[in-house]
Amino acid sequence: MADLTTNFLGITSPNPFWLASAPPTDKEYNVRRAYEAGWGGVVWKTLGSEGPPVVNVSGPRYGAIWGADRRLLGLNNIELITDRPLQTNLEEITRVKKDYPDRALIVSLMVPCDEDSWKAILPMVEETGADGIELNFGCPHGMAERGMGAAVGQVPEYIQMVTEWCKKYYSKPVIVKLTPNITDIRNPARAAKAGGADAVSLINTINSITSVDLDLMAPQPTIGGKGTHGGYCGPAVKPIAMNMVAEIARDPQTAGLPISGIGGVTTWRDAAEFMALGAGNVQVCTAAMTYGFKVVQEMISGLSEWMDDKGYTSTADFIGKATPNVTDWQYLDLNYVTKAKIDPDACIKCGRCYIACEDTSHQAILMKEGRVFEVDDSECVACNLCVDVCPVEDCITMVELPKGELDERTGRKRGDYANWTTHPNNPSAQAAE
Amino acid sequence: MTTPMTPGIQSGRLSADALSRNFEDLHAPLDAHEARVAADRCYFCHDAPCMTACPTSIDIPLFIRQIQTGTPEAAAKTILSQNILGGMCARVCPTETLCEEACVREEAEGKPVIIGQLQRYATDTLMAKGVHPFTRAAPTGKSIAVVGAGPAGLSCAHRLAMKGHDVTLYDGRAKAGGLNEYGIASYKSTNDFAAREVAWLLEIGGITVETGKMLGADLTLDALKSDHDAVFLAVGLGGVNALRIEGEDQAIAAVDFIEELRQSTDLTTLPVGRNVVVIGGGMTAVDAAVQSKLLGADTVTIAYRRSRAEMAASPFEQDLAAAKGVRLMFNVMPTAIADGTITLEYTATKDGKLSGTGETVTLPADQVFKAIGQTLTTDAGLKLEGGKIAVDAAGRTSLAGVWAGGDCATGGEDLTVTAVAEGRDAAEDIHAAVMGA
């Protein structure tokens, strides 16, 4: 069985699965249960400055969207940072870290954007013996209106400034957690790096309204007839998160900056994908909130099986392995050709590929006598929609046309690699030297 | 005290409690959660095979999607616009040989979407709200006679009423409903559903029901023709095929037994034999056999003259019978009934012809039911074909102005759902004929 021990910023954990700063990590009771269940690390739910704690709503905090069979696909929340006293949290963190020295324990922080506030809290956190801190620059609701959370994360200068203070008053690793509610994720990542951050973690939750109560005519979760945007997470946000991770991983200005990947990690495969794109580990919340802490067991066994299968002996073997293959559209090979192929034995004859292609794509699937579906290569643009709508995995596959073979659609033989930068239709094409 | 072992034909073999449990709904209705889970399995197929397999062409993917999205009332309207007896069909259709057999999930996993039960969920939801979702068109001034208030007649009458015609719906029995009321196993139509469905159907208005009027006895086709602008005959098959064996007089028609059971208000008073033998291989045979068992008969045997593969009752029905403790005997035909026994002769097929092998077996039989097919009781002077009223695709008989459908007419299987389709389609043709040219 592959060794899943992962070293992230010099912090060693028995596996790369950390619980993200969120409700599951709000107190000692939950965190102990998480460690017992096998989680490699925990980012303790965000602490604020000393003084009267924040107050949460006492109505519903979460909204959701579901797939078939009410499988939870996306969750949003309007919960704030911890609403328990700072001292209570610090004492619990100290106790827990002492009892679980082999597990990672990171403390998430969010205090007002002034040096004194950070100078005040950091020594207290240092005293707990926790392995590092994560700066919550992402929380999109409630705290942002008080000049914290996303209000900081949306201004790269503030990110850099606060990160610098943290590096000044705290000796252990500083992770900057980024908000996705911006136009270009690379700027806050660059600012974090410039401020001396040891790593970035992303994504925090996305501004969202998950549903509208059509009787109350109000967004959900609804509090006394009103609703507000909440932070969206869960499987639905994974594609957005992975793109942002990849953008930072391949940005020359931040290349090599460690990344903790967050956003919809639900299975071992999700974790492997984030890590392949450059994340040194992953953080999980919604999967645990949906199924309980036990889900980590599948993540551990699955990742381990896959690593054995691929011959990876350490997570370091595959972290970032897919990063070089993330490129810009203009560098894609325009001479690469595939054609959809339907396996008639696997086909259950639902006809979804046919109607998707017929109504919304390229009329490249023929429906023949006896509900036999066949691809017309002379019309197939290889868009992959049929593959995506087919209920049977691997029933429809995209078969690569070998070089030199005729593409029946274009009437041209497949040529060598050529991209848009040199394409004759591109007005700013560079002539090949 | 009477028990299943008490000799002869006796009532009260089981307690009232046991009987009421035995005759509960075959499939408990789905609740909202079960319906959502089941509906989520539908793939919303293109040109869906289930829809093609349905004799009434209900848009199954659409109605299931409507259930998925929390609008079972809309789903019911989708169903009922094609099949006004969608509620009954959801209960009695052999879905395992129709929509559910064609479901792509059957091909994918051997477990179809439970279309029948979902259809029941949708139609029950609407009917429970007391909603009749159709309204009549402006009156046409035309009058149509529908003879026979079974599935074909009800379907035809409703469609005609919807088009604005005035319909007189005649039936020879005391209640409307036909086989839905008198001829289906009671665990498929509990809580007087057949009668409730008829009452709900009649809410469309414009249909006058005249019961106790039998064609050939109380009504003549000539009089109907002269009193109405068109006539639709849906008189069913009132006769029962004979066994043509010694002791025939001791055999009872299974349909009569089923009718008596359906109309009984106290099953503890309904007699059944200790040892029951049912001759036949169709749904009626299974309904009679299973209900005999449920009434408390000690042994019940279905004796069918051909092999299991040729049995008209579906594999689901066969399994149901076996699960209830009915013994299925194949390749046997009755030769004599006498003194509480029945003698069966084994059969074999040679050169495509079935004949006895000479070897016999005698079973104890206090009660013998015959269920080997039903026959038309009146031809009303119309051209017949294979013992049924000959009709074209639109349901037109050999006589102008007279249409026919359901079991009494040619075309399609003798199923409730087929009868509904034939009644509906004949109504469309009648409408075109009386309004058109």
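The model shown is predicted, which means the values in this text are computed figures rather than measured ones.

## A short note on the overall build of chain B
Link 1 in the chain: Scanning chain B from terminus to terminus reveals 17 helices and 19 strands.
Link 2 in the chain: For 437 residues, the compact-globule estimate of 2.2 N^0.38 gives 22 Å, and the C-alpha radius of gyration of chain B, at 22 Å, lies within 12% of that figure.
Link 3 in the chain: On the principal axes, the C-alpha backbone points of chain B span a range of 65 × 55 × 50 Å.
Link 4 in the chain: A separation threshold of at least 6 residues defines the contact pool for chain B, and within that pool the share at least 24 residues apart is 70%.
Link 5 in the chain: Just so you have it, chain B exposes about 17,900 Å², and 50% of that area is on carbon and sulfur atoms.
Link 6 in the chain: Side chains of chain B give 37 positive and 54 negative charges; the mean places of these two sets differ by 2 Å.

## A word on the sheet that holds strand β5 (residues 62–66) of chain A
Residues and elements named next belong to chain A.
Link 1 in the chain: Taking strand neighbours across the sheet as the criterion, the four strands line up as β5-β6-β14-β11 in an open arrangement whose pairing is antiparallel. Two strands close off the open sheet at either side, each with one partner strand: β5 and β11 (206–208). Strand-to-strand twist across the sheet, computed as the mean angle between neighbouring axes with direction ignored, equals 35°.

## Remarks on the sheet that holds strand β2 (residues 143–147) of chain B
Residue and element names in this part refer to chain B.
Link 1 in the chain: The strand order β4-β3-β2-β5-β19 describes an open sheet built from five strands, whose pairing is parallel. What marks the edges here is a single partner per strand, and that holds for β4 (207–211) and β19 (402–404). With strand direction ignored, the average angle separating the axes of adjacent strands in the sheet is 20°.
Link 2 in the chain: With five bridges connecting them, β2 and strand β3 (residues 166–171) associate as parallel partners. Looking at β3, one finds that Val146 is bridged to Leu169.

## Things to note about the pattern of salt bridges
Link 1 in the chain: Going through the model one piece at a time under the given rule, you end up with 38 salt bridges over all chains.
Link 2 in the chain: Of the charged contacts, one joins Arg190 of chain A and Asp251 of chain A as a salt bridge, the two residues approaching to 2.7 Å between their closest N and O atoms. A residue pair is termed long-range when its members are at least 10 positions apart, and Arg190 of chain A in helix α6 (residues 186–194) and Asp251 of chain A in the loop between α7 (238–250) and β15 (259–262) qualify at 61 residues.
Link 3 in the chain: Residue classification places Arg190 of chain A among the partly exposed residues on the basis of a relative accessible area of 22%.
Link 4 in the chain: In this structure, the salt-bridge partner of Arg91 of chain B is Asp124 of chain B, at a minimum N-O distance of 3.1 Å. Of this pair, Arg91 of chain B sits in helix α6 (residues 86–92) while Asp124 of chain B sits in helix α9 (residues 115–128); the two residues are 33 residues apart in sequence, bridging distant segments of the chain.
Link 5 in the chain: The class of Arg91 of chain B is buried, set by a relative accessible area of 13%.
Link 6 in the chain: Ionic contacts of the salt-bridge type, sharing partners, join the residues Glu28, Arg32, Arg95 and Asp99 of chain A into one network.

## Structural notes on the packing of helix α2 (residues 86–99) of chain A against helix α3 (residues 115–127) of chain A
Residues and elements named next belong to chain A.
Link 1 in the chain: Interaxial distance between α2 and α3 falls to 9 Å at its minimum, and their mutual angle equals 30°. As far as their axial angle goes, α3 and α2 are roughly parallel. Residues Leu86, Gln87 and Leu90 of α2 lie in contact with α3, whose contacting residues are Ile121, Met124 and Val125.
Link 2 in the chain: Per-class residue counts for the contact of α2 with α3 are five nonpolar, one polar and no charged.

## Some points on a nonpolar patch on the surface
All names here are of chain A.
Link 1 in the chain: There is a patch of nonpolar side chains on the surface, built from Ile209, Val212, Leu214 and Met217 and spanning about 440 Å² of accessible area.
Link 2 in the chain: Relative to the helices and strands, Val212 resides in strand β12 (residues 211–213).
Link 3 in the chain: With a relative accessible area of 44%, Val212 lands in the partly exposed category.

## Digging into the interface of chain B and chain A
Link 1 in the chain: Each partner contributes to the interface: chain B provides twelve residues, whereas chain A provides 14 residues.
Link 2 in the chain: Contact between chain B and chain A buries roughly 1,000 Å² in total, counting both sides, with carbon and sulfur atoms accounting for 59%.
Link 3 in the chain: Between the two partners, chain B and chain A, sit one salt bridge.
Link 4 in the chain: A salt bridge links Asp47 of chain B to Arg371 of chain A; its shortest N-O distance comes to 3.9 Å.
Link 5 in the chain: Here chain B is connected to chain A by five residue pairs in polar contact (both at pLDDT 80 or more).
Link 6 in the chain: The element contributing the most residues to the side of chain B that touches chain A is helix α8 (residues 104–109) of chain B, with three residues.
Link 7 in the chain: Looking at the side of chain B that touches chain A, its residues break down into eight nonpolar, one polar and three charged.

## So, the side chain of Lys177 of chain A
Link 1 in the chain: Residue placement: Lys177 of chain A occurs in strand β9 (residues 174–177).
Link 2 in the chain: If sequence neighbours within four positions are ignored, Lys177 of chain A has contacts with Ser21, Glu134, Leu135, Phe137, Gly138, Ser201, Ile203, Asn204 and Ile262 of chain A.

## Comments concerning the nonpolar core
Link 1 in the chain: Counting 80 residues, the largest nonpolar core has Trp39, Trp118, Ile133 and Leu202 of chain A as the members making the most contacts within it.
Link 2 in the chain: Apart from residues lying up to four places away in sequence, Trp39 of chain A is in contact with Asn15, Phe17, Trp18, Leu19, Ala34, Arg103, Val284, Ala288, Phe293, Val295, Val296 and Met299 of chain A.
Link 3 in the chain: Grouped together as the second largest cluster of nonpolar side chains are 71 residues, Tyr43, Cys93, Leu154 and Val420 of chain B included.

## Side note on the pairing of β3 of chain B
Residues and elements named next belong to chain B.
Link 1 in the chain: Most of β3 sits inside the fold, with five of its six residues counted as buried.
Link 2 in the chain: Sheet topology places β3 next to β4; five bridges connect them, and they run parallel. Residue pairing across strands places Leu169 opposite Val209, the latter belonging to β4.

## A short note on empty space enclosed by the protein
Residues and elements named next belong to chain A.
Link 1 in the chain: By the definition in use, this model includes six cavities of 30 Å³ or more.
Link 2 in the chain: There is about 410 Å³ of room inside the largest cavity.
Link 3 in the chain: Lining the largest cavity we find 34 residues, and of these Ser21, Ala22, Asn77, Asn204 and Thr205 sit closest to its centre.
Link 4 in the chain: At the level of secondary structure, the elements contributing two or more residues to the lining of the largest cavity comprise β4 (41–47), β6 (72–77), β8 (132–136), β16 (281–284) and α9 (286–291).
Link 5 in the chain: When grouped by side-chain class, the residues that make up the lining of the largest cavity number 17 nonpolar, 13 polar and four charged.

## Re the domain arrangement of chain A
Link 1 in the chain: When its domains are assigned, chain A resolves into domain 1 (6–325) and domain 2 (330–422).
Link 2 in the chain: Between the C-alpha centres of domain 1 of chain A and domain 2 of chain A the distance comes to 40 Å.

## Description of the pairing of strand β14 (residues 230–233) of chain A
Residues and elements named next belong to chain A.
Link 1 in the chain: The sheet contact formed by β6 and β14 spans three bridges and is antiparallel. Within β14, the position partnered with Asn77 by the bridge is Gly231.
Link 2 in the chain: Looking at chain direction, β11 and β14 are connected through three bridges and run antiparallel. Residue pairing across strands places Asn207 opposite Gly231, the latter belonging to β14.

## Points about the domain arrangement of chain B
Residues and elements named next belong to chain B.
Link 1 in the chain: Here the domain parsing of chain B yields domain 1 (9–20 + 240–373), domain 2 (32–128) and domain 3 (143–238 + 376–435).
Link 2 in the chain: The interface of domain 2 with domain 3 comprises 20 residues on the first partner and 22 residues on the second.
Link 3 in the chain: Summing both sides of the interface, domain 2 and domain 3 together bury roughly 1,800 Å²; the carbon and sulfur share of this comes to 74%.
Link 4 in the chain: Taken as a group, Ile84, Leu85 and Met88 account for 36% of the area that domain 2 buries against domain 3, more than any other trio of residues on that side.
Link 5 in the chain: Here domain 2 is connected to domain 3 by zero salt bridges.
Link 6 in the chain: Taken together, domain 2 and domain 3 are joined by five residue pairs in polar contact (both at pLDDT 80 or more).
Link 7 in the chain: Put simply, the parts of the chain that give the side of domain 2 that touches domain 3 at least two residues each are α5 (72–82), α6 and α9.
Link 8 in the chain: Looking at the side of domain 2 that touches domain 3, the element that brings in the most residues is α6, giving six residues.

Cut-offs and rules
- Residues numbered from 1 in each chain as written.
- Chains lettered and ligands numbered in written order.
- Predicted model: local features only at pLDDT ≥ 70, side-chain atom pairs only at ≥ 80, totals over all residues.
- Heavy atoms only, no water.
- Helix = DSSP H or I, 4+ residues; strand = E, 2+ residues; numbered from the N terminus.
- Rg over C-alpha atoms; globule rule 2.2 N^0.38 Å.
- Contact = heavy atoms within 4.5 Å.
- Areas by Shrake-Rupley, 256 points an atom, 1.4 Å probe, with all protein chains shown as cover.
- Lys, Arg positive; Asp, Glu negative; His and termini not counted.
- Charge placed at Lys NZ, Arg CZ, Asp CG, Glu CD.
- Pairing = 2+ DSSP bridges.
- Axes fitted to C-alpha atoms, helices over the stretch in contact; angles between N-to-C directions.
- Salt bridge = Lys/Arg side-chain N within 4 Å of Asp/Glu carboxyl O.
- Buried < 20%, exposed > 50% of the residue type's maximum accessible area, 1.4 Å probe, protein only.
- Parallel < 35°, antiparallel > 145°, perpendicular 65-115°, else oblique.
- Nonpolar A, V, L, I, M, F, W, Y, C, P; charged D, E, K, R; others polar.
- Patch = residues over 30% accessible without salt bridge, like charges linked within 9 Å, V, L, I, M, F, W, Y side chains within 5 Å.
- Buried area = accessible area lost by both parts, 1.4 Å probe.
- Polar contact = N/O pair within 3.5 Å; in protein donor to acceptor, adjacent residues only side chain to side chain.
- Core = buried A, V, L, I, M, F, W, Y, C linked by side-chain atoms within 4.5 Å.
- 1 Å grid on protein atoms, 1.4 Å probe; cavity = no way out; pocket = protein on both sides within 12 Å on 5 of 7 lines; lining within 4 Å.
- Points joined across faces, edges and corners; volume = space filled by probe spheres on them.
- Domains from an automatic or database assignment.

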